[in-house]
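Given next are the chains, with one letter for each unit.
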Amino acid sequence: MIRLILPLIFVAIALIKPNLVSSCSMYKLSHDGKTVVGCNEDAWRTTPHIWFEKGINGNYACCFTGSRSIGANKYAAQSGMNEHGLTFSRLGAYHPFEQSDKSKKLIEHPDHFLMDVMRKCKTIEEVYDFVDQYDRSCFIADVFVYIEPSGNYLIVEPYRLIRGNETTLVQANFCPSITSENDRRKQNRYKDGQDFLLNGYNTSPEFCRDLSNEMHVCR
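Note that the coordinates shown come from a computational prediction; the quantities given were computed from them, not determined experimentally.

A closer look at the layout of surface pockets
Thinking step 1. Space inside the largest pocket adds up to approximately 170 Å³.
Thinking step 2. Y153, L169, V170, R184 and Y190 are the residues nearest the centre of the largest pocket, which is lined by 13 residues in total.
Thinking step 3. With 4 residues, the top contributor of residues to the lining of the largest pocket is strand 13 (residues 168-171).
Thinking step 4. The residue inventory of the lining of the largest pocket, partitioned by class, reads 7 nonpolar, 3 polar and 3 charged.

Dropping the structure here:
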């Protein structure tokens, strides 16, 4: 079972093109067969949207949040969940450029690509197989976290894919593969989230609301 607590967790849903001054954060908590995912989009935009897509032509039904327009009544997805309980969150992050694998496919429309992942995949292994086919250097300023109902997760960086299954996960604006724990804790939203969980946790709406507030950055 997985929940995406939209009214409580998306404390400041507002999408900007991810950059080094982003202040997004997210977490996932797994306990007693239930996984809850929460995201703070602490950015400048004040025009958030939540929209739903029916599953057609073999795609899965999805719910997305976002505010950056990419067409008439269309928006770039910042977070989302599909009918199988697979969720994702997008956060701004720094990663230096590396040589891309020339054998990988090019991503022609990054915003559509992210939504296609949710439309086509139901597990993190399917996400891994799907995104690993592509050159993700167009997301040099991004890090993505995909989580399935089991609590297993996949962190997608521009050049690396990282699987995990810890019962708790806290993520802010950094790529885990190149960021030490000391450097991660320089981001107060990450430090505050980690410290909040030191005395235990549960997956109640009240606890998740308090954790989201603890990690929230006022802009």
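Digging into the packing of aromatic side chains
The description of two aromatic rings rests on the distance between their centres and on the angle between their planes.
Thinking step 1. In total, this model carries 10 aromatic pairs according to the counting rule given.
Thinking step 2. Between F113 and F130, the aromatic rings sit 5.5 Å apart at their centres with planes inclined by 25 degrees, giving stacked as the arrangement. Here F113, found in helix 2 (residues 110-120), pairs with F130, found in helix 3 (residues 124-131); they are 17 residues apart in sequence, far enough to count as distant.
Thinking step 3. An angle of 90 degrees between the planes, with centres 5.3 Å apart, marks the rings of F174 and Y190 as edge-to-face. One end of the pair, F174, is in the loop between strand 13 and helix 4 (181-184); the other, Y190, is in helix 5 (residues 188-196), and 16 residues separate them in sequence. In this pair, the class of F174 matches that of Y190, namely buried.
Thinking step 4. Aromatic rings pair up to connect F113, F130, Y134, F139 and F144 into one cluster.
Thinking step 5. Its end group placed over the ring of Y128, R163 keeps NZ or CZ at 4.0 Å from the ring centre.

Reading guide: rules and limits
- Residues numbered from 1 in each chain as written.
- Predicted model: local features only at pLDDT ≥ 70, side-chain atom pairs only at ≥ 80, totals over all residues.
- Heavy atoms only, no water.
- 1 Å grid on protein atoms, 1.4 Å probe; cavity = no way out; pocket = protein on both sides within 12 Å on 5 of 7 lines; lining within 4 Å.
- Points joined across faces, edges and corners; volume = space filled by probe spheres on them.
- Helix = DSSP H or I, 4+ residues; strand = E, 2+ residues; numbered from the N terminus.
- Nonpolar A, V, L, I, M, F, W, Y, C, P; charged D, E, K, R; others polar.
- Phe/Tyr/Trp six-rings, centres within 6.5 Å; stacked < 30°, edge-to-face > 60°.
- Buried < 20%, exposed > 50% of the residue type's maximum accessible area, 1.4 Å probe, protein only.
- Lys NZ or Arg CZ within 6 Å of the ring centre and 35° of its normal.

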